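So the chains spell out like this:
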Amino acid sequence: MAHEVPPLPYDYKALEPHIDEQTMHLHHDKHHQAYVNNLNGAIEKHSELAAKSVDDLLRNINSVPEDVRTVVRNNGGGHSNHSMFWAIMKPNGGGEPTGAIGEQIKKDFGSFEDFKKQFNEAAAKQFGSGWGWLIWDGKLKVITTANQDSPLMQGHFPILGNDVWEHAYYLKYQNRRPEYLAAWWNTVNWDEVNKRFAQAKK
Ligand code: MN
């Protein structure tokens, strides 16, 4: 089975005004599709990879044949990261984190405000393209990765991540990445983040 871009679980304009409709079309229909196409192209050369999920490929990136490893890293990473990204957003999202993740954020960062500040500063400083992440490593931690690298490649399950590639914000926010980072919290689907937090702790 070839990998496929999951359909958006909401309308393209549903995240307005925080993320604009045109950005969502380009980001989901063009950028994510390109990662999937390139990943499928690499897998066609190695049929033994066809049965593996994209997350399994990333967890074991060093066992992917060398001739396609970089393609799988970049494009499998792109596929996994973006699939997570669409799922953890929703229309009328945001607000204070709920449930277990809300409690753990208070425990590990002091408050939601302190967590957001640390996350936004790390993501703002990520030079060039990459992602800001919340991961579980015995406690919650904020990390960043370059390009489409996934925390899965470091043995960590991504609980929440924000895309700081310019394609994620440039049409609306131009060079104002911190403004995008601040607005993005209004889209977060905390129910979905709680599901991922439970999975991360397994
Ligand atoms: Mn992206």
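Provided above is the structure to which this section pertains.
Here the residue numbers are simple positions, counted from 1 along each chain's written sequence. Residues qualify for local features only when their pLDDT is at least 70, as the model is predicted, and side-chain atom pairs are given and counted only at 80 or more; totals for whole chains, interfaces and linings, by contrast, use all residues. Heavy atoms from the whole structure form the basis of all side-chain values; hydrogens and water molecules are not counted.

**Re the pattern of salt bridges**
Where charged atoms of side chains with opposite charge meet at close range, the side chains can pair. Under the convention used in this document: For this analysis, a salt bridge means a side-chain nitrogen from Lys or Arg found within 4 Å of a carboxyl oxygen belonging to Asp or Glu. The numbering of helices and of strands both runs from the N terminus, where a helix is a DSSP run of H or I of at least 4 residues and a strand a run of E of at least 2. Think of it in three bands: residues with accessible area under 20% of the maximum for their type are buried, residues over 50% are exposed, and the middle band is partly exposed, with areas taken using a 1.4 Å probe on protein chains only.
Following the criterion strictly, the structure yields eight salt bridges and no others. As a salt-bridge pair, Glu113 and Lys116 come within 3.5 Å of each other at their nearest N and O atoms. Taken together, the positions of Glu113 and Lys116, both in helix α5 (residues 112-125) and three residues apart, correspond to about one turn of that helix. For Lys116, a relative accessible area of 18% corresponds to the buried category. When the shortest N-O distance is used, the salt bridge between Glu121 and Lys117 registers 3.6 Å. Pair noted here: Glu121 and Lys117 are both in helix α5, with a separation of four residues, about one helical turn. Residue Glu121 is classed as partly exposed on the basis of its relative accessible area, which comes to 39%. Judged by its relative accessible area of 51%, Lys117 falls in the exposed class.

**Focus on the coordination of the manganese ion**
Ideal geometry at a metal centre gives angles of 109.5 degrees when four donors are arranged tetrahedrally and 90 or 180 degrees when six donors are arranged octahedrally. Condition: Coordinating donors are taken to be N, O and S atoms lying within 2.8 Å of the metal, or within 3.2 Å when the metal is Na, K or Ca; because water is excluded from the atom set, some sites may appear incomplete.
Within the protein, the manganese ion binds to His27 (NE2), His82 (NE2), Asp163 (OD) and His167 (NE2); these donor distances fall in the range 1.9 to 2.1 Å. When the donors of the manganese ion are listed by position in the chain, the intervening gaps give H-x54-H-x80-D-x3-H. Placement of the pair is His27 in helix α1 (residues 21-44) and His82 in helix α3 (residues 66-87), with a sequence separation of 55 residues. Under the relative-accessibility criterion, His82 is labelled buried at 0%.

**Quick look at unusual backbone geometry**
The linkage connecting Glu16 with the following residue, Pro17, adopts the cis geometry, with an omega of 0°. Structurally, Pro17 can be placed in the segment before α1. Phi is positive for Gln174, which is not a glycine, with a value near 45°. Secondary-structure assignment places Gln174 in the loop between α6 (170-173) and α7 (177-184).

**Looking at the packing of aromatic side chains**
Spelled out, the test is: The pairing test for Phe, Tyr and Trp rings, Trp by its six-membered ring, is centres within 6.5 Å, and the orientation test on the planes gives stacked under 30 degrees, edge-to-face over 60, and tilted for anything in between.
One pass over the full model with this rule turns up 18 aromatic pairs. Ring centres of Phe109 and Phe115 lie 4.9 Å apart, and the angle between their planes is 45°; this geometry places the pair in the tilted category. One exposure class covers both Phe109 and Phe115, and it is buried. Ring centres 6.0 Å apart and planes at 85° place the aromatic pair Phe112 and Trp185 in the edge-to-face group. Of the two residues, Phe112 is situated in helix α5 and Trp185 in the loop between α7 and α8 (190-201); the sequence distance between them amounts to 73 residues.

**Focus: the packing of helix α4 (residues 99-109) against α8**
Convention followed: Axis definition: a line fitted to C-alpha atoms, limited for helices to the stretch in contact. Angles are taken between N-to-C directions and run from 0 to 180 degrees. Any angle that falls under 35 degrees is termed roughly parallel, while one over 145 is termed roughly antiparallel, one within 65 to 115 roughly perpendicular, and all others oblique. Residue contacts are defined here by distance: any two heavy atoms, one from each residue, within 4.5 Å place the two residues in contact.
Close contact between α4 and α8 brings their axes to 7 Å; oriented N to C, the two are set at 75°. Taken as axis vectors, α4 and α8 run roughly perpendicular relative to one another. Each of Gly99, Ala100, Ile101, Gln104 and Ile105 in α4 lies in contact with α8, whose residues at this interface are Trp190, Val193, Asn194 and Phe197.

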